[in-house]
Amino acid sequence: MSAAPTLLLCSETDDLGGLRPAFERAAAELCPGLRVALWPEVAAGAAEVVALASWFAPRGLPATLPGLRLIASIGAGAEHVLRDPGLPAGVPVTRIVDEQQARGMAEYVLWAALYYHRGLDRVQQQQPRGVWRMPPQRPAAQTRVGVMGLGAMGAEVARCLAGHGFEVHGWSRRPQTIEGVRTWAGDAQLEDFLRPLDIVVSLLPLTEHTRGLCDARWFDRLKPGAAFINCGRGEQVVLPDLLEALERGQLGGAVLDVFEHEPLPPAHPLWHTPRLLVTPHMASSVSPEAMARQIVGDTARVLAGQAPVHAIDRGRGY
Ligand code: NDP
């Protein structure tokens, strides 16, 4: 008797055991007969694995699974799936797209934009010295915020900031239209997009084009004293260049939520860098229920011979 079709939860870096009940509930409702297993309960080569729900799965594992029909990232980014050079061709890769997650991101970026716009960064520096000085206050319409990446996250963030009165600019690969947002597209318009900004937010996926994008040249294109909020991926920033830009005041401050190596080690110098705020990859997350329902739903679709709803373009990298 052959084993039941199996969805394998798999990560080399994190314990995904806590997600299992939500996946089992989703399977019972949306894909009856689908079994949920946790790697390494099911070993490499297992023919019954039809779907891999992964966060940094071991490189090479997907290629050993002959029955694999879907590789699902359990996050909004799929770069950790695509880093596997042996990824089987023709198996669709999906990622999480969730309205609630996008709203959470909008909350986080709104907070960070207000932190700079209202001068809370300065107040925080004054407090240890007992300094009572009100930073300059101005209407939100006089603060220009730029959002790099206008996808599921970036578009929601841009709308939210515009709704709170900020002057919002957005930059994407292809031209976009968002009401209340001035949009720019492509490498050719990057410099013009960046130059007038008071605050710039990255919500780009990690691809071969965005890796190392924020380097010395990029920081030099900013208005002197602008603030940077990175919620995309750590690898998009050349850290020594960021630190150098902060040091000489070209960069007024930074809020970093994502890092090349997470968790950021306790001894890392970033923890103690003035005018830099570290947050632990907390900008937004998806609930286990929403994640499980989306991934099990896509699994049911591929088993029925349909395309998954949340596929990325593997060639484009996002
Ligand atoms: P999407 O794929 O929906 O959107 C990506 C956006 O980036 C699109 O607007 C795309 O342009 C743009 N883009 C991609 N490449 C380039 C480029 N070379 N130049 C200019 N623009 C580019 O992704 P999401 O909005 O869902 O998520 C974005 C990223 O946010 C994720 O990949 C992840 O890294 C990060 N994230 C971080 C979280 C956190 O907690 N810190 C939580 C969730 C996500 P176009 O519209 O033209 O295709």
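Residues numbered from 1 in each chain as written. Predicted model: local features only at pLDDT ≥ 70, side-chain atom pairs only at ≥ 80, totals over all residues. Heavy atoms only, no water.

1. Some details on the pattern of salt bridges
If the charged atoms of two oppositely charged side chains come close together, the side chains can form a pair.
Phase 1 of the analysis: According to the stated counting rule, one finds 15 salt bridges in the structure shown.
Phase 2 of the analysis: Residue Arg248 pairs with Glu244 through a salt bridge whose shortest N-O separation is 3.0 Å.
Phase 3 of the analysis: A relative accessible area of 44% means that Arg248 is categorised as partly exposed.
Phase 4 of the analysis: Classification of Glu244 as partly exposed rests on a relative accessible area of 40%.
Phase 5 of the analysis: The network of salt bridges with shared partners includes Arg20, Glu24 and Glu41. (Salt bridge = Lys/Arg side-chain N within 4 Å of Asp/Glu carboxyl O. Buried < 20%, exposed > 50% of the residue type's maximum accessible area, 1.4 Å probe, protein only.)

2. Some remarks on helix α5 (residues 152–163)
Phase 1 of the analysis: Between its terminal C-alpha atoms α5 stretches 17 Å, which fits the 16 Å expected from 12 residues at 1.5 Å a residue.
Phase 2 of the analysis: Those residues of α5 that fall on the buried side of the exposure criterion are Met153, Gly154, Ala155, Val157, Ala158, Cys160 and Leu161.
Phase 3 of the analysis: Looking at the buried positions of α5, the neighbouring elements they touch are α3 (99–117), β6 (144–148), β7 (167–172) and β8 (181–185).
Phase 4 of the analysis: Remark: Gly165 follows α5 within two positions and exhibits a positive phi of approximately 95°. (Helix = DSSP H or I, 4+ residues; strand = E, 2+ residues; numbered from the N terminus. Expected span 1.5 Å × (residues − 1). Contact = heavy atoms within 4.5 Å.)

3. Remarks on the nonpolar core
Phase 1 of the analysis: Within the largest apolar cluster, 32 residues are counted, with the highest numbers of intra-cluster contacts made by Leu161 and Ile229.
Phase 2 of the analysis: Residues in contact with Ile229, not counting those within four places in the same chain, are Tyr108, Ala112, Ala113, Tyr116, Ile199, Val200, Val201, Ser202 and Val255.
Phase 3 of the analysis: Among the nonpolar cores identified, the runner-up in size contains 28 residues, and Met148, Leu194, Leu242 and Leu246 belong to it. (Core = buried A, V, L, I, M, F, W, Y, C linked by side-chain atoms within 4.5 Å.)

4. A word on the sheet that holds strand β5 (residues 93–94)
Phase 1 of the analysis: Across the sheet, which stays open at both edges, the five strands sit in the order β2-β1-β3-β4-β5 with parallel pairing between neighbours. Single-partner strands in this sheet number two, and they are β2 (35–38) and β5.
Phase 2 of the analysis: The sheet strands contacting helix α1 (residues 20–30) are β1 (6–11), β2 and β3 (49–55), and the helix crosses β2 at an angle near 165°.
Phase 3 of the analysis: Helix-sheet contacts for helix α9 (residues 288–303) involve β1, β3, β4 (70–73) and β5, and the interaxial angle to β4 is about 165°. (Pairing = 2+ DSSP bridges. Axes fitted to C-alpha atoms, helices over the stretch in contact; angles between N-to-C directions.)

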